[in-house]
Amino acid sequence: QVQLQESGPGLVQPSQTLSLTCTVSGEAIDSTEYYYYWSWIRQSPGKGLEWIAYILYNGATFYNPSLKSRTTISKDTSKNQFTLQMKSVTSEDTALYYCAEPLTLGSWGQGTQVTVSS
């Protein structure tokens, strides 16, 4: 059974950097047995889900074009974790943030609320 768990500060000040970590258990993020899209996805009130970025086993990345300029996704295979960093956050970045492998596994973390406020 694959489990994903988000962690990181729930409150971030405007103009600062949002940093979140996803810890994966039950499957190696560098596995080549299946093709995994290790993803960060967020949801704001009254809006649908927004795909932020994903990273593959080999380190290749994809970013939502609207967020690419200030977003970085990375991984640490020794800890079986992948991370999200989003620079220069504003109140518009307030959302429920999920880490997930939504395509091959259909597995999601429980989500973590991040509020951008001074």
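From a predicted model like this one, the values you see are computed outputs, not experimental measurements.

Quick look at the side chain of Ser107 now. Relative to the helices and strands, Ser107 resides in strand E10 (residues 107-108). For Ser107, the contacting residues outside a window of four places in its chain are Val2, Leu4, Ala100, Glu101 and Pro102.

Within a sheet, adjacent strands bond to each other through the backbone by hydrogen bonds, running parallel or antiparallel. The sheet built from 4 strands is open, its strands ordered E1-E3-E8-E7 with antiparallel pairing. The open sheet terminates on both sides in strands that have one partner only, identified here as strand E1 (3-7) and strand E7 (71-76). Strand-to-strand twist in this sheet, taken as the mean axis angle between neighbours without regard to direction, amounts to 20 degrees. In the sheet, E7 pairs with strand E8 (residues 81-86) via 6 bridges, with the strands oriented antiparallel. Bridged to Asp76 within E8 is Gln81.

Quick look at the packing of aromatic side chains now. On inspection of all chains with the given rule, the structure shows 10 aromatic pairs. Look at Tyr35 and Tyr37: their rings are 5.3 Å apart centre to centre, the planes differ by 65 degrees, and that puts the pair in the edge-to-face class. Tyr35 sits in the partly exposed class, given a relative accessible area of 43%. Relative to Trp38, the ring of Tyr36 lies with its centre 5.2 Å away and its plane at 55 degrees, an arrangement referred to as tilted. There is no split in this pair, since Tyr36 and Trp38 are both buried. Taken together through their ring pairs, the aromatic side chains of Tyr35, Tyr37, Trp51, Tyr54, Tyr57 and Phe62 make up a single cluster.

Before going further, it helps to examine the environment of Ile29. Tracing the backbone through its elements, the reader meets Ile29 in the loop between strand E3 (18-25) and strand E4 (38-43). Residue Ile29 is classed as buried on the basis of its relative accessible area of 1%. Separated by 49 residues in sequence, Ile29 and Ser78 place their C-alpha atoms 9.7 Å apart. Ile29 has contacts with Val24, Trp38, Tyr57, Lys75, Asp76, Thr77, Asn80 and Gln81, leaving out every residue within four places of it along the chain.

What follows deals with the pattern of salt bridges. A side chain of one charge can pair with a side chain of the opposite charge when the charged atoms of the two come close. Throughout the structure, instances matching the rule amount to 3 salt bridges. The partner of Arg42 in a salt bridge is Asp93, with the nearest N and O atoms 2.9 Å apart. Of this pair, Arg42 sits in strand E4 while Asp93 sits in the loop between E8 and strand E9 (95-101); the two residues are 51 residues apart in sequence, bridging distant segments of the chain. Relative accessible area serves as the criterion here: at 7%, Arg42 is assigned to the buried category. The shortest N-O distance in the salt bridge between Asp93 and Arg70 comes to 2.7 Å. Separated by 23 residues along the polypeptide, Asp93 in the loop between E8 and E9 and Arg70 in the loop between strand E6 (61-63) and E7 bring together distant segments of the chain. A cluster of three or more residues bridged by salt bridges with shared partners is formed by Arg42, Glu50, Arg70 and Asp93.

Rules used throughout
Residues numbered from 1 in each chain as written. Predicted model: local features only at pLDDT ≥ 70, side-chain atom pairs only at ≥ 80, totals over all residues. Heavy atoms only, no water. Helix = DSSP H or I, 4+ residues; strand = E, 2+ residues; numbered from the N terminus. Contact = heavy atoms within 4.5 Å. Pairing = 2+ DSSP bridges. Axes fitted to C-alpha atoms, helices over the stretch in contact; angles between N-to-C directions. Phe/Tyr/Trp six-rings, centres within 6.5 Å; stacked < 30°, edge-to-face > 60°. Buried < 20%, exposed > 50% of the residue type's maximum accessible area, 1.4 Å probe, protein only. Salt bridge = Lys/Arg side-chain N within 4 Å of Asp/Glu carboxyl O.

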